[in-house]
Amino acid sequence: MADTSGTIDQQPVLLRFTAALDAALDRLGDPDPAFLSTSERRRALLELAREEERITALRVRVQGAADDVAEDVGARDAGVVLASWTRRDRRRVAAEQRLADALQRRSAATGVAWREGRLNGEQAAVIAAALDRLPATVAPELLGRAEEHLVDQGGHHDPHGLRVLGSRIWEVIAPDEAEEQLRRAVEAQERNARAATKLNLHRMGDGSTRLCGRIPDGVATRLATLLEAFTSPRRDHLSGSVRDPGTGERLPAERLRGQAFCTLVEHADPDRLPRHGQAATSVLVTIDLDRLRADLDAGALLDGTPLSPGEVRRLACSSEIIPLVLGGDGEILDQGRASRLFTTPQRKAMAVRDRQCRAAGCSVPAPWCEAHHLHPWSQGGRTDLADGLLLCSFHHHRIHDPAYDHQHAPDGGVTFHRRT
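Residues numbered from 1 in each chain as written. Predicted model: local features only at pLDDT ≥ 70, side-chain atom pairs only at ≥ 80, totals over all residues. Heavy atoms only, no water.

## Re the overall build of the protein chain
Reasoning step 1: Across its full length, the protein chain holds 18 helices and 16 strands.
Reasoning step 2: Expressed as a percentage of its 420 residues, the buried residues of the protein chain come to 31%.
Reasoning step 3: Restricting to contacts in the protein chain with at least 6 residues of sequence separation, those with at least 24 account for 49%. (Helix = DSSP H or I, 4+ residues; strand = E, 2+ residues; numbered from the N terminus. Buried < 20%, exposed > 50% of the residue type's maximum accessible area, 1.4 Å probe, protein only. Contact = heavy atoms within 4.5 Å.)

## Notes on the pairing of strand 1 (residues 198-203)
Reasoning step 1: Burial runs low along strand 1: only 0 of the 6 residues are buried.
Reasoning step 2: Examined bridge by bridge, strand 1 and strand 2 (residues 209-214) share 6 bridges and lie antiparallel to one another. The partner of histidine 202 across the bridge, within strand 2, is arginine 210.
Reasoning step 3: Connecting the antiparallel pair strand 1 and strand 2 is a turn made up of 5 residues, with glycine 205 showing a positive phi of about 85°. (Pairing = 2+ DSSP bridges.)

## Thoughts on helix 6 (residues 90-105)
Reasoning step 1: Between its first and last C-alpha atoms helix 6 spans 22 Å; for 16 residues at 1.5 Å apiece the expected length is 22 Å, and the two agree.
Reasoning step 2: Structurally, helix 6 contributes buried residues whose contacts are with helix 3 (38-64), helix 5 (78-86), helix 7 (108-115) and helix 8 (121-132).
Reasoning step 3: The backbone nitrogen of arginine 91 lies 3.1 Å from a side-chain oxygen of the residue at the head of helix 6, namely aspartate 89. (Expected span 1.5 Å × (residues − 1). Polar contact = N/O pair within 3.5 Å; in protein donor to acceptor, adjacent residues only side chain to side chain.)

## Describing the nonpolar core
Reasoning step 1: In this structure, Cys357, Cys362, Val364, Cys369, Leu390, Cys392 and Phe416 are the most contacted members of the largest nonpolar core, which totals 20 residues.
Reasoning step 2: Looking at this core, the elements that each hand over two or more residues are strand 14 (388-391), helix 18 (393-399) and strand 16 (414-418).
Reasoning step 3: Apart from the residues lying within four places of it in its own chain, the contact partners of cysteine 392 are Cys357, Cys362, Val364 and Cys369.
Reasoning step 4: Ranked by size, the runner-up nonpolar core spans 19 residues in total, among them Leu131, Leu134, Val138 and Ile173. (Core = buried A, V, L, I, M, F, W, Y, C linked by side-chain atoms within 4.5 Å.)

## Details of the packing of helix 6 against helix 8
Reasoning step 1: Contact geometry of helix 6 with helix 8 gives a least axis separation of 10 Å together with a crossing angle of 60°. Considering the angle they form, helix 6 stands oblique to helix 8. With respect to the hand of their crossing, helix 6 and helix 8 are arranged in left-handed fashion. Facing helix 6, whose interface residues are Leu99, Ala102, Leu103 and Arg105, helix 8 presents Gly121, Ala124, Ala125, Ala128 and Asp132.
Reasoning step 2: Partitioning the contact of helix 6 with helix 8 into residue classes produces 6 nonpolar, 1 polar and 2 charged. (Axes fitted to C-alpha atoms, helices over the stretch in contact; angles between N-to-C directions. Parallel < 35°, antiparallel > 145°, perpendicular 65-115°, else oblique. Left-handed = near helix turned anticlockwise from the far one by under 90°. Nonpolar A, V, L, I, M, F, W, Y, C, P; charged D, E, K, R; others polar.)

## Describing unusual backbone geometry
Reasoning step 1: One non-glycine residue, arginine 87, adopts positive backbone phi at about 60°.
Reasoning step 2: Residue position: arginine 87 is located in the loop between helix 5 and helix 6.
Reasoning step 3: Positive phi outside glycine occurs at arginine 355, with the angle close to 70°.
Reasoning step 4: Using a relative accessible area of 60% as the deciding quantity, one classes arginine 355 as exposed.

## Points about the side chain of glutamine 181
Reasoning step 1: Secondary-structure assignment places glutamine 181 in helix 12 (residues 178-196).
Reasoning step 2: Taking the relative accessible area as the measure of exposure, glutamine 181 reaches 13% and is therefore buried.
Reasoning step 3: Beyond its immediate chain neighbours, meaning those up to four positions away, glutamine 181 contacts Pro135 and Trp170.

Worth remembering: the numbers are spatial, not functional.
Here it is, written out as structure tokens:
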């Protein structure tokens, strides 16, 4: 191999460092951490994480000073070039480019602390964002004091804690102005959140739709509260999942939240929504009566979205969805909703009687449950108190799921067993 040491010595210090680092990694080879003791693995984890952050900070600094690299290839910025060359995720590189620009613009001390290993990249981004939210007219000495305080607090707080401190930085740098500045900051934050609000629905082609959106924090808090009302409180704190009391099945918390969101949408009161023409917003489902009784065919929403017979039965129990039951010649035989749905007095009576979801072991309270017909309406069932019981949304889906059998226990509860 040719001797390149002379060439390396003539390179700038930064390139000598990268060459030496590359050579050191080559010499390291592929060591197996299994041969390290527990204390050695702990040390290796911490030191590798720290050095990784320092190298990333160095690379981000170079990225922020590489406008000429982008100009050479006609790119918008160095982040675009880097993403193309390294095949990294463009959104992540774009976020690093914004951070590089912010560190150059107002947060030089933050960049130094990151490169020295006193901060990590997430903390640096939070501090830079907090400083960027300060008015452009803020005095340099106040800006410096704010940055010094947040960098110092980085040794004690994670990014979330730093974000909270950054939102109240005026209390540190100018206590007399803190209340007024906080009011202005909150108002600006609310305006920005409203302007950034968006919601997109993407059909995935597999029977599901991806929901992507961005909403103000206040609305998100209210939504989270509503979703928690529909999810079972029996959470496994160690795994972050929820166990179905009726079957013992462990369900991820995010799945429960998704199901709760579906329940929330289904229980929206059409009479309180904007009207189309003279009718309140409603959804129509069509299905053939004979096929519904025999579980032979799916129903469909008017836009063509298919629904299983079990799902149509469930919706017909309690949802504000109007099933159009068709005869053999397509004639609408039944579009009754009022007589099929349990009335408010009936629901109140069931709440007093059942107290909570009647699935064995489930403790979801009655106000969060749905009324279920013990004898399906498609088979001549009646909408009266004796023929109804309360089930939470999850167990209401399950009782109509053909993959499960259910039995009524002597105490009035319902148990489920997967069919084999």
